[in-house]
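# Structural characterization, general
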Amino acid sequence: MPAPELAIDTASVVIRGAFDPAAFSINELENQGLTSREEISGALQKFSTSDFVLLETQQLRFLGNREVLQFNAQQPDQFSLLRDFAVNVLRLFKDDKISVLGMNREAHFVAKTQAEWHKIGDALVPKDVWDGVMHHVGMASMTVQGAREDKYLGFRQVTVQPSALVPQGVFVSHNDHYTLEMTDEPPTSRDQIQTLAKQPALSNSDKIPVAIRVLNEEWENSMARAASVIERVAQQGSK
Amino acid sequence: MTTPAFSTAGPLMPAEPPNRRTSDTRQRGVDEQSATELAARTWADSVLADSGTSPILPAAGPSTLPVAESVGPSLQDALYSPTIDLRDIGRETWLLGGVQSWEGQILEIEDGIFTAELTSREADSGSERLRAEFRVDALDTSDRASLAVGDLFYVTSMRVRDRGVLRTKYSLQLRRAGKWTDSDIEAIRSRVRQRLEALGDDSPQ
């Protein structure tokens, strides 16, 4: 089956912790060489206060407050720049505390036919379980979570929905969640992942170098894992 | 009768934001003096106060948001305006797996041309290096003035279908390393020393 063609393909990094937004004001980003005056003056959106910052250039969107930082890119050729930007912003917080990191990829692809589109939903959420209790059952949203086989504690979560943006489209979201702790033993059961997903992650400043390492070492892997998921979902339409 | 696999009639669960439609406000900008700024900021704080690491704020914008008590552009508009221009969706599609990228380092700049060494970023590409020349004006305007030997950049090629025609699109983007102070570098050296000591090597370089 040929690879699906993506109508939308975006990536994001989400970091939770305790931040001082003044450290990443738009002026400070420029002072630190993370963005240029031209980019700032040509920004689609820019806003920064002592509590909040939002900067959206042609390439990236960055926003943050005292609890969370989020970085977005909307095309695959901008994904690596997004990772670099997130790493550089994290470097400004070497004494702050962070708890978790998420690397995300979200895509919308178009099923070739209406029948393929339905087959994807039927394969992911078999409908016979609803026989006799519901009629014309359709999948509105499906989320699964699973283990990641690397040295970092965390899990993966995949959500599939009918696309609200693309006709006959399918939306696939892949979240690689890191609690920024190392492990020698990846989870060996679904129960362990369930427990991990519910556990509140602790914040500390030792996690910043770990987050930088995860972004540097695992970004490409995470994007590739997400691509495999998107491909697998698309394949369900042609089975 | 075909049983619909996907339903669009029922109310969606508090859906993942990147899969929601919104009005396109990307050109409206932000009025930093908006009287609703405080309310919007409080609202934004509550939106951001989740616990997961999926993106909270959308690439493509939501449709089921609390309505801001604002008549003009506000922070809320700004936050929930899509980074994707919805008018362009579907005009260009790209093949999953059709993206290739290289990392380049500039070796020489002369007469509007720079020479660089490229390393493929594909996992199975080995350590093969290529040498290539590019026009300086292939870079973004803001990057041209500060271009220097040693700078790093990305080259990406994407197989895209543009209005039905398959073609390859290339982009060159300068990497921003940010500013590094002596203490930053010393902190890294210190961490390297600690790691080497932990590995039993007491002769760090």
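So, a few notes on the structure that sits alongside this text.

About the criteria used
Residues numbered from 1 in each chain as written. Chains lettered and ligands numbered in written order. Predicted model: local features only at pLDDT ≥ 70, side-chain atom pairs only at ≥ 80, totals over all residues. Heavy atoms only, no water. Helix = DSSP H or I, 4+ residues; strand = E, 2+ residues; numbered from the N terminus. Buried < 20%, exposed > 50% of the residue type's maximum accessible area, 1.4 Å probe, protein only. Contact = heavy atoms within 4.5 Å. Salt bridge = Lys/Arg side-chain N within 4 Å of Asp/Glu carboxyl O.

## What about the environment of A:N31?
Assignment of secondary structure puts A:N31 in helix 1 (residues 26–31). Owing to a relative accessible area of 43%, A:N31 belongs among the partly exposed residues under this scheme.

## A word on the side chain of A:T183
All names here are of chain A. Relative to the helices and strands, T183 is located in the loop between strand 9 (169–182) and helix 5 (190–198). Look at T183 and you get buried, because its relative accessible area is 17%. With residues near it in sequence (within four places) discarded, T183 still touches D150, K151, Y152 and L153.

## Some points on the pattern of salt bridges
Per the counting criterion, the structure on display carries 23 salt bridges over all chains. Two residues, A:R66 and A:D51, come together in a salt bridge whose shortest N-O distance is 3.1 Å. One end of the pair, A:R66, is in the loop between strand 4 (60–64) and strand 5 (68–73); the other, A:D51, is in the loop between strand 2 (45–48) and strand 3 (53–56), with 15 residues separating them in the sequence. Taking the shortest distance from any N to any O, the salt bridge between B:D162 and B:R163 comes out at 3.4 Å. A relative accessible area of 18% means that B:D162 is categorised as buried. Judged by its relative accessible area of 63%, B:R163 is exposed.

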